[in-house]
Amino acid sequence: MGESPDQIALDVRDLRKAFGGVRAVDGCSFAVPQGRISGLIGPNGSGKTTTFNLLTGVAAPDGGQVLYRGEDIAGLKPFQVFHKGITRTFQITRVFREMTVFENMLSVTTLDVPDRAARARAEELLALVNLTHLRAEYGGRLSYGQQKLLEFARALMTDPDLILLDEPAAGVNRTLLQHLLDHIHRLQEQGKTILIVEHDMHVIMNHCERIFVMDGGVKIAEGPPAEIQRDERVIEAYFGRRRQR
Amino acid sequence: MALLELRDVQAAYGSIQILHGVSLQVNPGEVVAVIGPNGAGKSTTFKVIMGFITHLGGEIVFDGRSLVGQRPHRVLGLGLGYVPQGRVVFTQMTVRENLEMGAYLERDRAKVQASMDFVYSLFPRLGERPRQQAGTMSGGEQQMLAMGRALMMRPRMMMLDEPSLGLSPRFVDEVFDKIVELARGGLTVMLVEQNAARALEIADRAYVLELGRNRFEGAGRDLLANAEVRRMYLGGEARA
């Protein structure tokens, strides 16, 4: 391929999942490079979120492998995947509605009594996403955008090595989004691997080094942003003709 | 005279006050954008206008009538349509059934059919598959269906809460094209968007809310060019 031989963080091989007769993920393979920010894009309904669900144990694959550091984690339960050092956020947010914002943050620690370090980290991350003033508010009382931000902050509580973000930009103010992206780059500098599902092309094209494109449950293209933007199949399936500049 | 006017509106979810004094005007035929940080009260503004949440104070006047204390179906009946955030469709119902639900206040079958024809001409994709179950449609199609359903009462004004949320780029283009098309046809539009730069491009005027109050207002183009607005709300970067 003529590129530097990146280490692979997550090697997805021939992943399959059908719901009834609908083959949502239909033999999808891609390799997420270690220590980089990668993007997963595709039309609505192309199988991106299902793929995330298969990678994180939220759904069990019908076939295929998910190799994380050489170990097949396909079919593990969500908490088992979590304990491997993988966290994610959801497109449709999953905050605990009847816990406060601060309790939501502490809910992911494995400690019975969250220690001072965990509390300090929670405060720090809430400040990052501009939610400090709502720390005592119930999760269910937050707006959609604020719930997205809470999930983002909560996903970073446990210092994961692989972070999967499902539409982090959706419903988030663009200036705040810029801060989140700066933070994502800091995480990358610390050696974390990040995979982002996103429709916001500013995020994908300016912040991801490698992009995977799905359509109809399979990967139809892969490459750096400049290459993906010129790819005829991607333009046809995803960008639409008007996007060509 | 403004078609919709809010004067110093205060509103709450239960005991939590979100709006502390929002004032805005929408004139007939205008496209007005409402932007601002998360938690600014943008969606809340729409909900208090529609009568979904507790109104604490201030005036809300639509077409010369006060909406304060009105139930949502009454507001709808007065000609104010609403498309909530997040492509809310009846997933188990067909396209046609969803549209019929949008016209549930209309007893005249001929009018319902005429509205349906109008929606199908605006969104041909819906017209091609009236029997498809809404839950099996793509996100972009569901957003069009949600818009179509709000149009079934043939409102004079429509409020759209984040119409581009979670849509792929080509559908974002399509949705914004349709909003412009509807506006050209005479529909008055007010929309909330986090894709604020995009909303300002099509807006005649816009309001910036912050912490439940007005912060800026002006022509869409002017706000788009305003350095402080760009830095605080649009992510700072110049749009390609």
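All values derive from a computational prediction rather than experimental measurement. (Residues numbered from 1 in each chain as written. Chains lettered and ligands numbered in written order. Predicted model: local features only at pLDDT ≥ 70, side-chain atom pairs only at ≥ 80, totals over all residues.)

## Details of the overall build of chain A
Our working rule: Working definition: helices are DSSP H or I runs of at least four residues, strands are E runs of at least two. Numbering for both runs from the N terminus. It is over C-alpha atoms that the radius of gyration is taken, and the globule rule equals 2.2 Å times the number of residues to the power 0.38. Counts of 20 or more other C-beta atoms within 10 Å of a residue's own C-beta define buried residues, counts of 12 or fewer define exposed ones, and intermediate counts define partly exposed ones; C-beta atoms are placed from the backbone.
When helices and strands are tallied, chain A shows nine helices and ten strands. A compact globule built from 245 residues should have a C-alpha radius of gyration of about 18 Å, and chain A, at 18 Å, falls within 12% of that. Its C-alpha atoms give chain A principal-axis dimensions of roughly 50 × 40 × 40 Å. Here chain A, with 245 residues, has 45% of them falling under the buried criterion.

## Observations regarding the environment of Leu 187 of chain B
Residue and element names in this part refer to chain B. As a reminder, the rule being used: Each residue is represented by a C-beta atom placed from its backbone, and any two residues with such atoms within 7 Å are regarded as in contact.
The residue Leu 187 is located in the loop between helix 7 (169-184) and strand 8 (188-192) in this model. C-beta crowding within 10 Å serves as the criterion here: with 19 such atoms nearby, Leu 187 is assigned to the partly exposed category. A sequence separation of 99 residues divides Leu 187 from Val 88, and the C-alpha atoms of the two residues are 21 Å apart. When sequence neighbours within four positions are dropped, the list of residues in contact with Leu 187 reads Met 158 and Leu 182.

## Let's talk about the domain arrangement of chain B
Residues and elements named next belong to chain B. Selection criterion: Note: domain ranges come from an automatic or database domain assignment. Amino acids outside the nonpolar list (Ala, Val, Leu, Ile, Met, Phe, Trp, Tyr, Cys, Pro) and the charged list (Asp, Glu, Lys, Arg) are all regarded as polar, and Gly is one of them.
Per the domain assignment, the segments making up chain B are domain 1 (1-79 + 155-240) and domain 2 (91-153). The gap between the C-alpha centroids of domain 1 and domain 2 is 24 Å. Elements with a minimum of two residues in the side of domain 1 that touches domain 2: helix 2 (72-77) and helix 7. If one sorts the elements of the side of domain 1 that touches domain 2 by residue count, helix 7 sits on top with four residues. Taken together, the residues of the side of domain 1 that touches domain 2 break down into seven nonpolar, four polar and two charged.

## Section: the sheet that holds strand 3 (residues 37-41) of chain A
All names here are of chain A. Threshold: Being paired, for any two strands, means DSSP has found at least two bridges between them. The axes used here are C-alpha line fits, helices contributing only the stretch in contact, and every angle between their N-to-C directions lies in the interval 0 to 180 degrees.
With mixed pairing, six strands are arranged side by side in an open sheet as 6-7-8-3-9-10. Each edge of the open sheet is held by one strand with a lone partner, namely strand 6 (86-88) and strand 10 (218-223). Averaged over all pairs of adjacent strands, the angle between their axes in this sheet comes to 20 degrees, without regard to strand direction. Both strand 3 and strand 8 (residues 193-197) contribute to a ladder of four bridges, which runs parallel. In the strand pairing of strand 8, Ser 38 is matched with Leu 195. Those strands touched by helix 9 (residues 232-239) are strand 3, strand 9 (210-215) and strand 10, and its axis lies near 120 degrees from that of strand 10.

## Describing the packing of helix 3 (residues 95-102) of chain B against helix 6 (residues 139-151) of chain B
Packed helices, taken two at a time, are described by the angle their axes make and the gap between the axes. Residues and elements named next belong to chain B. Under the convention used in this document: Left-handed is the label given to a crossing in which the near helix is rotated counterclockwise from the far helix by less than a right angle, and right-handed is the label when the rotation is clockwise.
Here helix 3 crosses helix 6 at 35 degrees, and the two axes come no closer than 7 Å. Along this stretch, helix 3 crosses helix 6, giving a crossing that reads as right-handed. Contact residues: helix 3 offers Val 95, Asn 98, Leu 99, Met 101 and Gly 102, while helix 6 offers Leu 145, Gly 148, Arg 149 and Ala 150.

## What to know about the nonpolar core
Stated formally: In this description, a nonpolar core means buried residues of the types Ala, Val, Leu, Ile, Met, Phe, Trp, Tyr and Cys, linked to one another by C-beta atoms lying within 7 Å.
Membership of the largest hydrophobic core comes to 138 residues, with the highest contact counts inside it found for Ala 153 and Ile 196 of chain A together with Ala 33, Leu 200 and Ala 206 of chain B. Top contributing element to this core by residue count: helix 6 of chain B, with six residues. The two domains that each donate at least three residues to this core are domain 1 (1-79 + 155-240) and domain 2 (91-153) of chain B.

## Re the interface of chain B and chain A
Where interface size is given, it is often the accessible area lost as the parts come together that is meant. Taken residue by residue, the interface counts 28 residues in chain B and 27 residues in chain A. Elements that contribute at least two residues to the side of chain B that touches chain A include exactly helix 6, helix 7 and helix 10 (227-233) of chain B. Here the side of chain B that touches chain A takes four residues from helix 7 of chain B, the largest share from any one element. In terms of residue class, the side of chain B that touches chain A is built from eleven nonpolar, 13 polar and four charged.

## As for the pairing of strand 9 (residues 205-210) of chain B
Residue and element names in this part refer to chain B. Most of strand 9 sits out of view: five of its six residues are buried. As defined by bridge partners, strand 3 (residues 31-35) adjoins strand 9 across four bridges and the pair is classed as parallel. Across the sheet, the residue bridging to Val 32 is Arg 205, located in strand 9. Bridge count for strand 9 against strand 10 (residues 213-219) is six bridges, and the pairing is antiparallel. Among the inter-strand pairings, Val 208 is bridged to a residue of strand 10, identified as Phe 216.

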